[in-house]
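Okay, here's what each chain looks like letter by letter:
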Amino acid sequence: MKRYIAILLLMTVLVACEKEANVKLPEVKPMPVVFCYISPADTVISVKLSMSEPLFAEQNQNIYAPITDANVTLSSAQGNISLIYNQNKNAYSIPASSYPILAGQTYKLVVTLNNGTVAEAETTVPDNNIPILAASVQTITTNNSQFLRFKVGLQDDGNQTNYYRIAIASIETFVPGDTTYSETGIRNIYSDAGHNGEMMELNVDSYIFSGNNSVGYMIYLLNTNKDYYLLHQSLRNYQPGNPFAEPSLIYTN
């Protein structure tokens, strides 16, 4: 005689309930956002200043509106100097000739708003100049599409950790004698991790930027510090509007 065991499956139906929650969000005030890039090769020292838009606040603030009445001071072993707001540039600036940026020197930036809020930053300019030893560009065809491959060769300095960026401008000639330079958007960053003191070849693959008017490219090698590298790395990881992206805080020093 066969015995049958009946298995009863119980299904629990969850009924969704709605209930208003009274949650007090943290009060966060706008904070100063400071952007300044210094280099011995620049002719102008410039600082851009605006205000942040808190996450838990009304999204009605223009985060690109410049702050025009702050006190901005740059200091180093050379002493202190105040930067003056330039309305044409929407930034605080001074000629680099009046306060040279020197390799190997540490600079401190202090920004003071009218309400007493203070923002400070400090960084050291790299003290080694890394020249480009070889550079080339070639057109690569794959899967019926074409792209450009830029190659930059350099000798890494083995005495310290180095951080690099490749920047490229497209050279175009529309009429004889009229040459223009267009930003390509290439901002690739690298470190010498695993290649300290070696000959390095940095490669950049990108789409073709120009048409029949293109006559060449200007290739720049920037030897940056760790602050610059980490900032651009965080900007590259930041994906606003992508619900599947991991949160990425923008680096600050």
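Computed from a predicted structure; not experimentally measured.

Asker: Can you help me understand the environment of methionine 199 in this one?
Answerer: Tracing the backbone shows methionine 199 in strand β12 (residues 199-206). Looking at methionine 199, the relative accessible area reads 54%, which means it is exposed. Between the alpha carbons of methionine 199 and leucine 154 there is a distance of 5.9 Å; along the sequence they are 45 residues apart. Each residue touching methionine 199, except ones within four places of it in the same chain, is listed here: Leu133, Leu154 and Gln155.

Asker: Mind showing me how you'd approach unusual backbone geometry here?
Answerer: Negative phi is the rule for most residues except glycine; trans is the rule for most peptide bonds. A positive phi angle, near 55°, is found at asparagine 90, a position not held by glycine. In this fold, asparagine 90 is placed in the loop between β4 (79-86) and β5 (91-95). Of note in this structure, asparagine 143 is not a glycine but carries a positive phi near 50°. Positionally, asparagine 143 belongs in the loop between β8 (134-142) and β9 (145-155).

Asker: Would you take a moment to explain the sheet that holds strand β2 (residues 44-51) for this structure?
Answerer: By definition, the strands of a sheet pair up through backbone hydrogen bonds, in either a parallel or an antiparallel sense. With antiparallel pairing, seven strands are arranged side by side in an open sheet as β1-β2-β5-β4-β3-β6-β7. Across the chains shown, the open sheet's two edge strands, defined by having one partner strand only, are β1 (32-36) and β7 (118-124). Within this sheet the neighbouring strands show an average axis-to-axis angle of 25°, counted without direction. Taken together, the five bridges between strand β3 (residues 71-76) and strand β6 (residues 106-112) define a ladder with antiparallel strand orientation. Bridging across to β6, valine 72 finds its partner in valine 111.

Asker: When you look at the sheet that holds β8 in this model, what are you seeing that I'm missing?
Answerer: Pairing within the open sheet is antiparallel, and its three strands lie in the order β8-β9-β12. Across the chains shown, the open sheet's two edge strands, defined by having one partner strand only, are β8 and β12. Within the sheet, the average angular offset between the axes of one strand and its neighbour, ignoring direction, is 20°. Looking at chain direction, β8 and β9 are connected through nine bridges and run antiparallel. When the bridges of β9 are listed, alanine 134 appears paired with glycine 153.

Asker: Just checking my understanding: could you explain the side chain of arginine 165 for this structure?
Answerer: Residue placement: arginine 165 occurs in strand β10 (residues 163-175). Among the residues examined, arginine 165 registers a relative accessible area of 11% and is labelled buried.

Asker: Would you mind showing me how to read the nonpolar core here?
Answerer: Most often, soluble globular proteins have nonpolar side chains that are buried together. Membership of the largest hydrophobic core comes to 22 residues, with the highest contact counts inside it found for Ile45, Ala70, Val72, Leu74, Leu83 and Val111. Going through the elements one at a time, β2, β3, β4, β5 and β6 are the ones with two or more residues in this core. Take this core: its biggest share by element is four residues, from β2. Once residues within four sequence positions are removed from consideration, alanine 70 is found in contact with Leu49, Tyr92, Val111, Thr112 and Leu113. Phe150, Tyr164, Ile186 and Val204 belong to the second-largest nonpolar core, a separate cluster that totals 15 residues.

Asker: Any chance you could explain the environment of glutamate 53 here in plain terms?
Answerer: For glutamate 53, the location among the structural elements is in the loop between β2 and β3. Separated by 25 residues in sequence, glutamate 53 and valine 28 have C-alpha atoms that sit 9.2 Å apart.

Asker: Explanation requested: the pairing of β3 in the structure shown.
Answerer: Side-chain direction in a regular strand flips from residue to residue, so the side chains alternate between the two faces of the sheet. Taken together, the five bridges between β3 and β4 define a ladder with antiparallel strand orientation. Within β4, the position partnered with valine 72 by the bridge is leucine 83. What sits between β3 and β4 in their antiparallel hairpin is a turn of two residues.

Asker: Would you take a moment to explain a nonpolar patch on the surface for this structure?
Answerer: A cluster of nonpolar side chains, contributed by Tyr181, Met218 and Tyr220, occupies part of the molecular surface with about 320 Å² of accessible area. On the secondary structure map, tyrosine 181 appears in strand β11 (residues 178-191).

Asker: Where do I start with the side chain of aspartate 156 in this structure?
Answerer: In this fold, aspartate 156 is placed in the loop between β9 and β10. Despite its burial, aspartate 156 remains without a salt bridge, the nearest opposite charge being carried by lysine 226 at 15 Å. Excluding residues that lie within four positions of it along the chain, aspartate 156 makes contacts with Asn162, Tyr164, Asp192, His195, Asn196, Gly197, Glu198 and Met200.

What counts and what doesn't
Residues numbered from 1 in each chain as written. Predicted model: local features only at pLDDT ≥ 70, side-chain atom pairs only at ≥ 80, totals over all residues. Heavy atoms only, no water. Helix = DSSP H or I, 4+ residues; strand = E, 2+ residues; numbered from the N terminus. Buried < 20%, exposed > 50% of the residue type's maximum accessible area, 1.4 Å probe, protein only. Contact = heavy atoms within 4.5 Å. Pairing = 2+ DSSP bridges. Axes fitted to C-alpha atoms, helices over the stretch in contact; angles between N-to-C directions. Core = buried A, V, L, I, M, F, W, Y, C linked by side-chain atoms within 4.5 Å. Patch = residues over 30% accessible without salt bridge, like charges linked within 9 Å, V, L, I, M, F, W, Y side chains within 5 Å. Areas by Shrake-Rupley, 256 points an atom, 1.4 Å probe, with all protein chains shown as cover. Salt bridge = Lys/Arg side-chain N within 4 Å of Asp/Glu carboxyl O. Lys, Arg positive; Asp, Glu negative; His and termini not counted.

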